[in-house]
Amino acid sequence: EEEEEEDVMEIELNPPLRGFHIELAVTEWIGIGTLRPVEVNIQLSCDRCGTPHTIALSGMYEKDAHVAQRCSKCKSVFRCSFRPQLLHENSHVLGFLDTTNSQPSDVASVLFLGSCFKCSADVPFKKLAVRGRDAVATCLECHKKLAVQMNTVNITYYSKDGMLEDYPKPGSALSSKQKKAQESQKKTIVHTGHSIKHGSPLPSQGVCSHYSKSYRWLRFPCCSFAYPCPVCHEKSGCDGAVDGVFATRNICGRCSFEQSVSKSVCGSCGASFTPKGKNSSHWMGGSGSRNTAVLSSKERKKNQGVSRSGVKKTQSKKSQRVGKAGKKATASKKK
């Protein structure tokens, strides 16, 4: 027991502003005194080639708060260390990341250890906290309900001098020849290590090679990461994509605002995620395009009533020859 206590990390009360500062936008905070991150699942992007990697860092134990590994693509070594912070009602700073040859692009989920606001007892959360969902726990001492919900994650970079700066984009260390080769292989790249920041647009405004008119990214609950489209999610190798898991949240391609996937218009900038009216290539229940030449080949209305060569199909008149209509027609002829 003494050895385990020695391994627990101490939280800095006045941490130096250095590295990547991670702050949560919390929309719900019920019955909680403080929260400590126990495990943080982060997406790191290689500075050299931009390839994303998923890692898990501990906010409790020193030995699991550091990671060093090679990039799966360019084989360069990157390192990352996590310095956790204590969250309370007036501060939602998750912690700081000190990285080498890498940068964080997204925080997928966090496992918390909370303290009850009523009796100050430690309350472990059993489920990971993800965007748009309540992470709930119950205090075993006073039976008080604890709940927290995060909406977005804000990542900013501070230099060694404590100055707020813009960190170079992932893949900036590539040579001009390597960048041209990467651009020629865009169709094979399912997603980049872009850091999502509210107020700044997504790469190509959210458009990918599979869906050229979808100005958004989708966040899937199976891995809690964002991808431009379901095809990109499937090519990433996620097990949930094989099972047909649907996205639950989307990210605006114009301003990176994240909200429920049921919304078709951005709640921040008002931009539409898909073209409307005549500019659309989908039927959209009649409110989209009605031009069969423009409609997508996947639409059922594309060839309805028209052959694939564009010739109008003949319609059967059997209903006028048989049944009640046929009897009436026969009777009128005899008269």
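For the structure itself, consult the block above.
(A) Expanded view of the overall build of the chain. A tally of helices and strands in the chain yields 6 helices and 15 strands. In the chain, which comprises 335 residues, the share counted as buried stands at 40%. In the chain, the share of contacts with a sequence separation of at least 24, taken over all contacts with a separation of at least 6, comes to 53%. Per element, the accessible surface of the chain, about 19,900 Å² overall, is 49% carbon and sulfur.

(B) Here's a closer look at the sheet that holds strand S7 (residues 102–116). Spatial strand order, S3-S2-S7-S8: 4 strands in an open sheet with antiparallel pairing. Looking at strand neighbours, the two that pair on one side only are strand S3 (52–58) and strand S8 (122–124), the edges of this open sheet. Shown here is a sheet whose adjacent strand axes are inclined to one another by a mean of 35°, direction ignored. As paired strands, S7 and S8 are joined by 3 bridges and run antiparallel to one another. The residue bridging Gly114 from the neighbouring strand is Val123, located in S8.

(C) Inspection of the sheet that holds strand S12 (residues 216–219) at higher detail. Taken together, the 4 strands give an open sheet; going across it, the order is S13-S12-S14-S15, and neighbouring strands pair in antiparallel fashion. Every interior strand has two partners, whereas the edge strands, strand S13 (226–227) and strand S15 (258–260), have only one. Two strands pair when backbone bridges link them, and strand S14 (residues 249–252) and S15 are joined in this way by 3 bridges, in the antiparallel orientation. Within S15, the position partnered with Ile251 by the bridge is Glu258.

(D) Molecular detail of the pairing of strand S4 (residues 66–70). Where S4 and strand S5 (residues 77–84) come together, 5 bridges link them in antiparallel fashion. When the bridges of S5 are listed, His66 appears paired with Ser81. Counting the residues in the hairpin turn of S4 and S5 gives 6 residues, including Lys75, whose phi is positive at 65°.

(E) Just the environment of Leu13, in detail. Mapping Leu13 onto the fold places it in the loop between helix H1 (2–7) and strand S1 (19–30). Spatially, the C-alpha atoms of Leu13 and Leu86 are 8.6 Å apart, while their sequence positions differ by 73 residues.

(F) Structural context of the side chain of Thr51. Structurally, Thr51 can be placed in the loop between strand S2 (32–46) and S3. Overall, the relative accessible area of 16% leaves Thr51 in the buried class. If we skip the residues at most four places from it in the chain, Thr51 touches Leu44, Ser45, Cys46, Cys71, Ser72 and Lys73.

(G) Focus on the packing of aromatic side chains. What the rule picks out here adds up to 4 aromatic pairs. With centroids separated by 5.0 Å and ring planes inclined at 65°, the aromatic side chains of Phe20 and Tyr167 adopt a geometry described as edge-to-face. Of this pair, Phe20 sits in strand S1 while Tyr167 sits in the loop between strand S11 (164–165) and helix H2 (176–184), and the two are 147 residues apart along the sequence. Note on Phe20: relative accessible area 4%, which makes it buried. In this structure an aromatic cluster arises from ring pairing among Phe20, Tyr157 and Tyr167. Sitting over the face of the ring of Tyr215, Arg254 holds its NZ or CZ atom 4.2 Å from the ring centroid.

(H) Spotlight on the side chain of Arg219. With respect to the helices and strands, the residue Arg219 is situated in strand S12. Judged by its relative accessible area of 4%, Arg219 falls in the buried class. Among residues more than four places away in sequence, those in contact with Arg219 are Asp106, Arg131, Ile196, Ser224, Phe225, Ala226, Ala247, Thr248, Arg249, Ile251 and Glu258.

Here is what the cut-offs are and how they apply
- Residues numbered from 1 in each chain as written.
- Predicted model: local features only at pLDDT ≥ 70, side-chain atom pairs only at ≥ 80, totals over all residues.
- Heavy atoms only, no water.
- Helix = DSSP H or I, 4+ residues; strand = E, 2+ residues; numbered from the N terminus.
- Buried < 20%, exposed > 50% of the residue type's maximum accessible area, 1.4 Å probe, protein only.
- Contact = heavy atoms within 4.5 Å.
- Areas by Shrake-Rupley, 256 points an atom, 1.4 Å probe, with all protein chains shown as cover.
- Pairing = 2+ DSSP bridges.
- Axes fitted to C-alpha atoms, helices over the stretch in contact; angles between N-to-C directions.
- Phe/Tyr/Trp six-rings, centres within 6.5 Å; stacked < 30°, edge-to-face > 60°.
- Lys NZ or Arg CZ within 6 Å of the ring centre and 35° of its normal.

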